[in-house]
Amino acid sequence: MVGPKELKEVGLDVPDPFSPKMKLPGLWLCVSFGCAASLSPSCLSAQFRRPGDFILGGLFPFGKDTVNLTARSEPTLLRCERLFMDGLIWALGMRFAIDQINNSSSLLPGIRLGYDMYDTCFEPLVALQPSLLFLTRNGTTGIGILCNYTEYQPRITAIIGPHKSDLCLLTAKLFSSFLIPQVSYGASSETLSNTELYPSFYRTVPSDKNLVEAVVMLLNQFGWNWIATVGSDDEYGRGAQALFLSMAGNDNICIAFEGFIPTDLAEPNARKQLEDTVKLINSTKVNVVVLFAYSLPAQALLEHSIRMGLGKKVWIGTEAWMLSDVAAYTPNIQSIGTVLGFVSRTGTVPGFREYVAELFSSVEQEKFCQQSRELSRLMNTEVLDTHCQQCDHVTLGDIWPLLRVTMVQPVHMAVYSVAHALHRALGCTSEGCPKTPIRSWQLLHFMNTLPFEVNGQSFRFDQSHGTNTGYKLIFWAWRDGTLTYLPVGDYDQSLYIQKSQIQFHTADKKEPTSECFRRCQPGQFRRIKGFNLCCYDCTDCSENTFWSSTDSTSCSPCPQHQWAPARSTQCHERTERFLFWDEPMAVALMTLMALTAALSCLTALLFLKHLQTPMVQVAGGGRNLFALLWLLLQSLSCCLYVGRPSAGLCAVQQLSYALCLNGCFSTFVPKALEISLLTEFPRCAPRLLRWVTHGRAWLLVAASLLTQALLCFCHLRLGPDYLVADYKSLPSEVVLVCGTQSWAAFALLHGYNSCLAFACFLCTFMVQTPARRYNVARGITFATLIYFIIWIFFVVVFATLRTVLRAVTQICTIQATTLGILASYFVPKCYIMVFRPDLNTGDYCQNPAEEEPEEDSVNRQ
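A quick note: this is a predicted structure, and the numbers were derived from the prediction, not measured.

## Some points on the overall build of the chain
Line of reasoning, step 1. For the chain, the count of helices and strands is 25 helices and 27 strands.
Line of reasoning, step 2. Residue burial in the chain is summarised as follows: out of 861 residues, 55% are buried.
Line of reasoning, step 3. For the chain, long-range pairs separated by at least 24 residues make up 71% of all intrachain contacts whose partners lie at least 6 apart in sequence.

Structure representation (structure tokens):
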């Protein structure tokens, strides 16, 4: 037997048996190294085939690096160049589990399980050969071509393996067509979760979806959002990276670089592809690299990173390469930086290390080897060799260090899941199991529905035929040049990290940053900049928008009834805005209204006192009091515009203004017509004056008011003013105003008053009065002229306003109109009555063009 030194010389990669971390029991250590002195090989290669009542097939990567696969010109057997120690340990784990079951008196009593294990070399072509052999009819080397395989009995009952997802995607289609249970101990591709395509495929490791979720949580906890991701160019790397890219985009993680590295390092362009990957990673200035790859491509990438001076990064890996021999065979591996990664949270297999040590002691004994070869020959070894001749040169010292890190429990669970299904399918009892034929497809029901127990732990396959045992977060800790896999966290739907246990490669031993952008604060959204969609600036949300989530590329608008200040994270309810009673503007307007109303009352009292005087009689007599009453009501109607508006108030506002103004103008009409008849139509005057004077003048007033009332009714039917909630004029308030529903109805309502005013103006503006005679027509002319001027401004402003000023404008218009009429028509007469009573005579106070005696003039009124 040769030692590690000799094995390395012939191309076998094995750990140093004298590593400080290796601790062997005294007896096994002496046996192993005592036998090492002998140069004869062992019979370890004969330990992977045994007959039994039910045969379990095994697919394990005993070797790696197939010999000149591209130059293969004949369909000969493929062989591997180097021994893969992890594959050997997994195969020993299957052998250990089956031996445990065969020695158990409770699981399958009276039944002996056999096994038939083959090498896959991590190569689909190599794995296909034993897979086809497993499908051959029991006792033959041919596969039956049948229409119905219900009664078909293949060589094996179930298959354990293979390890890689690529190989499982190939073999699972074959075994699923025959519904033969296949339980993988390492394939994690999410594609294999499709139970419609792979109904008989199971696995005892979590899928890549769970792994990627854990990686994303790790990046988020450290705030790393600018990273590179690299995957091996195989099903595992492509599938895991695709899942990672889809999840990372939803969690504010930006990918500076994504790429693949070759799995076949013998390809001519493999070296250039690795160098280009390292250059691109370096150009992105990232500090974190996520690597989804198996051990060989991962080792190649790390070696090129060291050689090309990539610098220290944070490498986030998986058990596919973190627990392999990458660290042992990569020179200056410590210079790559910090290595963190997730490995399946599996327990140890009690007794396995002792079992392996005892087996290595036995394979050195000739009697044991002779028995092993005889048992192997019962399995038709001439059909297909195991291709593990290198195993005969492995010592316990070579394999012992890896027994501590290589995970065997998934293999152990896989074997026990099949054994428990057999137990239920056979109907075993404590007394024994009936040796009745069982078809492979009959096991699927029990594997799908019932749990199985391994070393006191209960497991069950989920709906996608997997087992989610969770993950451990592992940190590569270097102590005196020795690598230790230090657990620093756990993941089981949530991630817990002991950050204090992690010593990063930075100067202060704290976590480095890896960002293209700063984290946006609440109330900010991402504005993309440059060519990379993952780089952006943080921009404050504008008014009436709010920030809804950290990955928002825009701010969400608030609902119409809410508002938000700039850089807000939520919307607030709008406050109502209208003309409040207690605000200064309203107080000032109400004071003006009170003064106007008081002036109207004083004027009415003065006219009432001098009702029989020539000045009052020539102005219209009692109709003046009627006009002043309507002006008083018009002034008081300003109260309708203050306070919270309602639909009813909005409908009444325009009606009250139009009706009150009409009550005043209707008293001007008889006087204007009288003046017009006397001045412009003197010949017709005697015949028509009786219709505009005396009691009949009140008929004109009543007819005018009735007409205005009908127009008010039409306004209500056509489209009265309605309550409008204006959300646009003010940022944080909703303005409650009365809006005009129909401008046609508005014009009809106020147009009649305009017509009356215009008619009065036409009747009076050209009237000339003799000297020393009071011009009663001038008051009507100025009153109507002031009305038109005010209304021109009012209509222009009123049509454009949508704020509280709309109500203010209406109040000012009402007050201006009232004061204008009072000032132009009534106040001059009050002045004469109070300060110039000498002018309040029949001679001075006559209608224009009137030549009759004063008595007749007075009586005509």
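Having put the structure on the table, let's press on.
## A few points about unusual backbone geometry
Line of reasoning, step 1. Note that the residue after Gly161, namely Pro162, is joined by a cis bond; omega there is -5°.
Line of reasoning, step 2. Checked against the element boundaries, Pro162 lands in the loop between β6 (158–160) and α5 (165–177).
Line of reasoning, step 3. In this structure, Phe122 takes a positive phi of about 60° despite not being glycine.
Line of reasoning, step 4. Accessibility expressed as a relative area gives 17% for Phe122, which makes it buried.

## Quick word on the environment of Ile111
Line of reasoning, step 1. As for its placement among the helices and strands, Ile111 is situated in the loop between α3 (85–102) and β5 (113–119).
Line of reasoning, step 2. When the C-alpha positions of Ile111 and Gly432 are compared, they lie 8.1 Å apart, and in sequence the two are 321 residues distant.
Line of reasoning, step 3. Excluding anything up to four places from it in sequence, Ile111 contacts Asp53, Phe54, Asn102, Leu426, Cys433, Pro434 and Lys435.

## Focus: the pattern of salt bridges
Line of reasoning, step 1. Inspection of every chain in the model, using the stated rule, returns 13 salt bridges.
Line of reasoning, step 2. Of the charged contacts in the structure, one is a salt bridge between Asp540 and Arg567, with a shortest N-O distance of 3.8 Å. Within this pair, whereas Asp540 is found in strand β20 (residues 536–540), its partner Arg567 is found in the loop between β23 (562–563) and β24 (572–573), the two being separated by 27 residues in sequence.
Line of reasoning, step 3. When its relative accessible area of 38% is taken as the criterion, Arg567 is described as partly exposed.
Line of reasoning, step 4. A salt bridge links Glu576 to Arg644; the nearest nitrogen and oxygen atoms lie 2.9 Å apart. Here Arg644 lies in the loop between α18 (622–636) and α19 (647–680) and Glu576 lies in strand β25 (residues 575–577), a separation of 68 residues in the sequence.
Line of reasoning, step 5. Judged by its relative accessible area of 35%, Glu576 falls in the partly exposed class.
Line of reasoning, step 6. Because the salt bridges share partners, they merge into one network encompassing Arg271, Glu275 and Arg307.

## Brief notes about empty space enclosed by the protein
Line of reasoning, step 1. For the coordinates displayed, the defined rule picks out seven cavities of 30 Å³ or more.
Line of reasoning, step 2. Put simply, the largest cavity is a space of about 400 Å³.
Line of reasoning, step 3. Forming the walls of the largest cavity are 28 residues, and the residues nearest its centre are His163, Gly186, Glu319, Ala320 and Met407.
Line of reasoning, step 4. Mapped onto the lining of the largest cavity, the elements with two or more residues apiece are α3, α6 (208–222), α10 (319–322) and α14 (409–426).
Line of reasoning, step 5. Considering only residue class, the lining of the largest cavity consists of 16 nonpolar, nine polar and three charged.
Line of reasoning, step 6. Taken as a whole, the second largest cavity holds about 140 Å³ of empty space.
Line of reasoning, step 7. What lines the second largest cavity is a set of 15 residues, and nearest its centre among them are Tyr641, Leu736, Val737, Cys738 and Ala807.
Line of reasoning, step 8. Put simply, the parts of the chain that give the lining of the second largest cavity at least two residues each are β27 (733–739) and α24 (805–835).
Line of reasoning, step 9. Its residues assigned to classes, the lining of the second largest cavity shows ten nonpolar, four polar and one charged.

## Some points on the confidence of the model for the chain
Line of reasoning, step 1. Taken residue by residue, the chain gives an average pLDDT of 83. The fraction at 70 or more is 88%.
Line of reasoning, step 2. Low pLDDT (under 50) marks residues 1–38, which in the prediction has 67 contacts with non-local residues, meaning those over four places away or in another chain.

## So, the environment of Ser305
Line of reasoning, step 1. Assignment of secondary structure puts Ser305 in helix α9 (residues 295–307).
Line of reasoning, step 2. Relative accessible area serves as the criterion here: at 5%, Ser305 is assigned to the buried category.
Line of reasoning, step 3. Placed 24 residues apart in sequence, Ser305 and Ile281 show a C-alpha to C-alpha distance of 9.6 Å.
Line of reasoning, step 4. Once you skip the residues sitting within four places of it in the chain, Ser305 turns out to touch Val278, Leu310 and Trp315.

## Let's talk about the pairing of strand β16 (residues 471–479)
Line of reasoning, step 1. Of the pairings in the sheet, the one linking strand β13 (residues 337–344) to β16 comprises five bridges and is antiparallel in character. Among the inter-strand pairings, Phe342 is bridged to a residue of β16, identified as Leu473.
Line of reasoning, step 2. Across nine bridges, the pairing between β16 and strand β17 (residues 482–491) is antiparallel. Looking at the pairing, Lys472 lines up with Asp490 of β17.

## Points about the side chain of Ser295
Line of reasoning, step 1. Checked against the element boundaries, Ser295 lands in helix α9.
Line of reasoning, step 2. On the basis of relative accessible area, Ser295 is assigned to the buried category, the value being 8%.
Line of reasoning, step 3. For Ser295, the contacting residues outside a window of four places in its chain are Phe84, Ala320, Trp321, Ser324 and Val326.

## Remarks on the state of the cysteines
Line of reasoning, step 1. Counted by the stated rule, this structure contains six disulfides.
Line of reasoning, step 2. Cys650 shares a disulfide with Cys738; S-S distance 1.9 Å. Residues Cys650 and Cys738 are joined by a disulfide whose S-S torsion is about -75°; by sign, that bridge is left-handed. Here the residue Cys650 occupies a position in helix α19, and Cys738 occupies one in strand β27, the gap between them amounting to 88 residues. Accessibility classification places Cys650 together with Cys738 in one group, the buried group.

## Looking at the packing of aromatic side chains
Any two aromatic rings considered together are summarised by their centre-to-centre distance and by the angle between their planes.
Line of reasoning, step 1. According to the stated counting rule, one finds 39 aromatic pairs in the structure shown.
Line of reasoning, step 2. Between Tyr202 and Phe461, the ring centres sit 4.9 Å apart and the planes meet at 50°, which makes this aromatic pair tilted. With Tyr202 in strand β8 (residues 201–203) and Phe461 in the loop between β15 (457–459) and β16, this residue pair connects regions lying 259 residues apart in the sequence. Comparing Tyr202 with Phe461, the two get one shared label, buried.
Line of reasoning, step 3. Between the NZ or CZ atom of Lys499 and the centre of the ring of Phe222, over which it lies, the distance is 4.8 Å.
Line of reasoning, step 4. Directly above the ring of Tyr825 sits Lys829, whose terminal nitrogen or CZ lies 3.8 Å from the centroid.

## Quick notes on the side chain of Thr469
Line of reasoning, step 1. Looking at the secondary structure, you find Thr469 in the loop between β15 and β16.
Line of reasoning, step 2. Residues within four places of Thr469 in sequence aside, it is in contact with Pro206, Ser344, Arg345, Thr346 and Phe459.

## A look at the nonpolar core
Line of reasoning, step 1. Counting 71 residues, the largest nonpolar core has Phe60, Leu88, Leu92, Met94, Leu108 and Ile399 as the members making the most contacts within it.
Line of reasoning, step 2. Sequence-distant contacts of Leu108, defined by excluding residues within four places in its chain, comprise Ile101, Leu113, Ala419, Leu422, His423, Leu426, Cys428 and Cys433.
Line of reasoning, step 3. One finds Met590, Met593, Leu606 and Ala783 within the second-largest nonpolar core, a separate group that totals 60 residues.

## Brief notes about the sheet that holds strand β26 (residues 722–726)
Line of reasoning, step 1. Strands sit in the order β25-β27-β26 across an open sheet of three strands; the sheet is mixed. Strands at the two margins of the open sheet, each flanked by one partner only, are β25 and β26. With direction set aside, neighbouring strand axes in the sheet form an average angle of 30°.
Line of reasoning, step 2. Bridge count between β26 and β27: five bridges; the pairing is antiparallel. Following the sheet pairing, Asp726 is matched in β27 by Val735.

The rules behind each value
Residues numbered from 1 in each chain as written. Predicted model: local features only at pLDDT ≥ 70, side-chain atom pairs only at ≥ 80, totals over all residues. Heavy atoms only, no water. Helix = DSSP H or I, 4+ residues; strand = E, 2+ residues; numbered from the N terminus. Buried < 20%, exposed > 50% of the residue type's maximum accessible area, 1.4 Å probe, protein only. Contact = heavy atoms within 4.5 Å. Salt bridge = Lys/Arg side-chain N within 4 Å of Asp/Glu carboxyl O. 1 Å grid on protein atoms, 1.4 Å probe; cavity = no way out; pocket = protein on both sides within 12 Å on 5 of 7 lines; lining within 4 Å. Points joined across faces, edges and corners; volume = space filled by probe spheres on them. Nonpolar A, V, L, I, M, F, W, Y, C, P; charged D, E, K, R; others polar. pLDDT = per-residue confidence, 0-100. Pairing = 2+ DSSP bridges. Disulfide = S-S within 2.5 Å. Phe/Tyr/Trp six-rings, centres within 6.5 Å; stacked < 30°, edge-to-face > 60°. Lys NZ or Arg CZ within 6 Å of the ring centre and 35° of its normal. Core = buried A, V, L, I, M, F, W, Y, C linked by side-chain atoms within 4.5 Å. Axes fitted to C-alpha atoms, helices over the stretch in contact; angles between N-to-C directions.

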